[in-house]
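# Chains, contacts and geometry: an overview
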Amino acid sequence: QVQLVESGGGSVQAGGSLRLSCAASGRTFSTGGMGWFRQAPGKDREFVARISRSGGSTRYGDSVKGRFTISRNNADNTVYLQMNSLKPEDTAIYYCATQPSGYSSSDSPRDYTYWGQGTQVTVSS
């Protein structure tokens, strides 16, 4: 089992920044790529960003490209999401998730096995 715990969410005005963290524990050696997803009320879960196990490959959803940056520190099993130039439409619950080791990178939440409990991000205009 792998446990994921997100932190860093909160309320911010449009144009502001937040940094989310996702700490992994348990059988972390069995994990591969990690991703961030978000879900707003009444909407499907949306891909935000992902990063390979090594950290050498990243990918972003179109709506956050150029504003968000994903990174990871394998020494302490933590993934980060730096969110800049936040907009009201970024308001959602943000989840981190991990794929099993050896799986191909994916933007689909169906391909992620372990999920955190989520952290709320609210951006006001």
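Here the structure is shown first, and the text comes after it.
Residues numbered from 1 in each chain as written. Predicted model: local features only at pLDDT ≥ 70, side-chain atom pairs only at ≥ 80, totals over all residues. Heavy atoms only, no water.

### Examining the packing of aromatic side chains
Just so we agree on the cut-off: Whether two aromatic rings pair depends on their centres lying within 6.5 Å, for rings of Phe, Tyr and Trp, where Trp uses its six-membered ring; planes under 30 degrees apart make the pair stacked, over 60 edge-to-face, and the rest tilted. Per the convention used, a helix needs a DSSP run of H or I reaching at least four residues, while a strand needs a run of E reaching at least two, with both numbered from the N terminus. To sort residues, take the accessible area from a 1.4 Å probe on protein chains only and compare it with the maximum for the residue type: under 20% means buried, over 50% means exposed, and anything in between is partly exposed. Cation placement over rings: the criterion is NZ of Lys or CZ of Arg within 6 Å of the ring centroid and within 35° of the ring normal.
With the rule as written, the count across this model stands at 5 aromatic pairs. Judged by centre distance (5.0 Å) and plane angle (75°), the ring pair of Phe-37 and Tyr-112 falls under edge-to-face. Note that Phe-37 is positioned in strand β4 (residues 31-39) and Tyr-112 in the loop between β9 (92-100) and β10 (114-115), a separation of 75 residues in sequence. According to the relative accessible area criterion, Phe-37 is buried, its value standing at 0%. Grouping aromatic residues by their ring pairs yields a cluster made of Phe-37, Phe-47, Tyr-95, Tyr-112 and Trp-115. Above the ring of Tyr-80, the side-chain terminus of Arg-19 is found at 4.0 Å from the ring centroid. The side chain of Arg-45 reaches across the aromatic face of Trp-115, ending 4.8 Å from its centre.

Functional significance is not addressed by these values, which are geometric in nature.
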